[in-house]
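Coordinate analysis (summary)
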Amino acid sequence: MAKILLIEDDNDQILLYHTVFKMNGFNIISAIDGKIGLDRAKNEHPDLIILDLNMEEMSGEEVIKRLKKNPETKNIPVIILTNMDKRKFQSQMLELGAEYFWEKTVVMPPDVVKKVRDFLEKNKIK
Amino acid sequence: MITLTLLLISLLNGGLAALIFFRGLKNKANFFFFLTLVATFFWIFGLGMFRMSSFENGIYWATLFYISASFCITYFLYFALFFDNKNIGKINFLNHLLIHSPNIITIIILLANFHFIKDYSLEPWGKSIKLGPAYFFYVTHIVSYMGYAIFAIIKRFRNVSGIEKTQLKFIVFGTITASIFALAFNLFLPFYTYQFVWIGPYSLIIMVVAITYAITKHHLMGIKTITSEILVGLLLSILFVNIFFNDNNLWFKIIIFLVAILIGYFLIRSVFKEVRQREHIEKLMKMRSEFLDIASHQLKTPISVIMGTASMFREGSIGKLPKEQQKKFVENIYRKSVKLSGIVRDILSASEFDTEKFSLPEGRLEPVDLEKLLIKIKDDSKEEADEKGLELNFIKTRAKISPIISDEFYLTQAIANIVDNAIKYTKAGRIDIMLDEDEKEVIVKVKDTGVGIPNEDKSRMFGKFERARNARDMYTDGSGLGLFISKEIIDAHSEASIKFNSEENKGTEFIITFQT
């Protein structure tokens, strides 16, 4: 089963996504800030990363830049899931190499799972 | 003609000094640049008068311009030092005295006629001064101070980049060129002949033009202000020069000149006021749009959890979970709703305070038991503190505390904001909420071991939408409203105050007092 890494600094969000992904048979791990997220991406080889943008220690923007710079992690697809304004940040994030830009108040957790599954199937990841 | 030009140049300098003065002596570098220009004004004015005055009086004007030049260089050095490093700290009296010692010595040797001016004579081209051995001291002072100042300016210039560099380019170029010219014609050439002593000040035109160009080109000030200043400057120059043209009605002309200064002053001031107001409005507009960004993001954060959880209930997936886990989700929805209502309350309060000076609702004022109120705030914040591993204490140092007249809702908001901040901006350690009373007042203190408030941000911490630099870095989505609201509420009490002590990386202590 595909392994998903969620980089997100809000515990309530983590609980929400852990529950919904696990119930749908995914293996989900999470990181509470950007630095831990980079480490886990390197060490645990997830199939997909779901990344928040607004985080205290290291912003999501910085995380994706570093992920895409590192040969070990640059091929892992990244999806942005955030409360930041889509109109302002989407194009920048896609340019940095993100696959999609989803707003948390628009794409609900069950839909996130569905869309992730479609994406993985389309790209023949596990 | 040369003399008149000199007087004009001195006025130009005076004008530039006035410009900087009006613009506000915001920092020490500005202040000392202003003093440098004032001293320069006296120097060139003295030089002009030296040429124009009678032979007997010339020597006094010479004394004036030598002393002025000495001060000019000293303030230029100060300017360069503060320009290079804003955080140079406080200079104590002894250091000031030390930096000023060459000026004092120059004054003494000039006034005591101690081998500075060896000979004073009238040559076919004008008054001439032969300089004595004490002049070497003067030269050393000027050259060393000037050298060090230029070194500091260039050092700073190399370290800046971007728009600041383009702004500085003209100022640095103008100032250094003028300084070198002045050194050559006014310091070294007089060893041989005094004939060309008037050339130095002309180079100051380069400086004035360069600085004015830098100012206008980069819109450092509104064009309206510049125009009014140029007009006033022109008018004053004409009136000033007119005073010296012939001796008729001398006093009348001086009075006209003084009146013109006064009118010019008020004119420029009113234009400035208008420009400032416009700048203020622009700043408010910018703050407003930033606030909307922040507010919408802050509102979305709890909403996304509430919506997400509800969507999972609706879809049926949470229903499959054990009862205990389901309860946790309901609890999350509840907590985020509380947070959401708090944010909405802050935003509403802020706009309420916006329109008029806030006052507590008269009908609802009653004696409030601070102990009960603080314990409630502590209990409400406990979960957040626990999550971050912070110790949160309520400490009462007296058995009985007098009740204070207030409104419980607003007072809770005011103090809860401060406790919230303490938790938000403390990474490790503790937060103490303390309650005490002495003969005059009840004192509430909230003390944390957090990141502290940097010195440069302290003065604006209670302002609307204001956030400290380190707070921005740490926690990007604060609204900058918490302390503003707290202060408005505390100030609305009769005889109450709020202040803080803080040291960066050590912690902050807020002190709220209510007179009993």
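The structure presented is a predicted model; accordingly, all values stated were derived computationally and were not measured.

1. Structural notes on the overall build of chain B
If you tally the helices and strands in chain B, you get 14 helices and nine strands. Taking all 516 residues of chain B together, the buried fraction comes to 48%. Carbon and sulfur atoms make up 63% of the accessible area of chain B, which totals about 27,400 Å².

2. Examining the side chain of Asn332 of chain B
Along the chain, Asn332 of chain B turns up in helix H10 (residues 323–355). On the accessibility criterion, Asn332 of chain B (2% relative accessible area) is buried. Not counting the four nearest positions on each side in its chain, Asn332 of chain B is found in contact with Asp12 and Leu15 of chain A.

3. Here's the deal with the sheet that holds strand S8 (residues 496–503) of chain B
All names here are of chain B. With mixed pairing, the five strands of this open sheet are ordered in space as S4-S6-S7-S9-S8. The open sheet has two edge strands with one neighbour each: strand S4 (391–396) and S8. Sheet twist, expressed as the mean angle between neighbouring strand axes with direction ignored, is 10°. Of the pairings in the sheet, the one linking strand S7 (residues 441–448) to strand S9 (residues 507–515) comprises seven bridges and is antiparallel in character. Bridge pairing in S9 places Lys445 opposite Ile511. In this fold helix H11 (residues 370–387) packs onto S4, strand S6 (430–437), S7 and S9, with an angle of close to 170° to the strand it touches most, S4. Lying over the sheet, helix H14 (residues 482–491) contacts S8 and S9, oriented at roughly 145° with respect to S8.

4. Considerations on the sheet that holds strand S1 (residues 3–7) of chain A
All names here are of chain A. Ordered by their spatial adjacency, five strands build an open sheet running S2-S1-S3-S4-S5, and the pairing between neighbours is parallel. In this open sheet, the two strands that pair with only one neighbour each are strand S2 (27–31) and strand S5 (100–103). The mean angle between the axes of side-by-side strands here comes to 20°, regardless of whether they run parallel or antiparallel. Against the sheet, helix H4 (residues 86–95) contacts strand S4 (78–82) and S5, and its axis sits at roughly 155° relative to S5.

5. Considering the pairing of S4 of chain A
All names here are of chain A. The buried count for S4 comes to five of five residues, which makes it a mostly enclosed element. Going residue by residue along S4, you find Val78, Ile80 and Thr82 tucked away on one face and Ile79 and Leu81 tucked away on the opposite face as well. With helix H3 (residues 60–69) bridging strand S3 (residues 48–51) and the parallel S4, this β-α-β connection has right-handed handedness. Pairing analysis gives four bridges linking S4 to S5, with the strands arranged parallel. Opposite Thr82, over in S5, you have Glu103 as the bridge partner.

About the thresholds
Residues numbered from 1 in each chain as written. Chains lettered and ligands numbered in written order. Predicted model: local features only at pLDDT ≥ 70, side-chain atom pairs only at ≥ 80, totals over all residues. Heavy atoms only, no water. Helix = DSSP H or I, 4+ residues; strand = E, 2+ residues; numbered from the N terminus. Buried < 20%, exposed > 50% of the residue type's maximum accessible area, 1.4 Å probe, protein only. Areas by Shrake-Rupley, 256 points an atom, 1.4 Å probe, with all protein chains shown as cover. Contact = heavy atoms within 4.5 Å. Pairing = 2+ DSSP bridges. Axes fitted to C-alpha atoms, helices over the stretch in contact; angles between N-to-C directions. Right-handed = clockwise from strand over helix to strand, strands pointing away.

Purely geometric stuff here, so don't read any function into it on its own.
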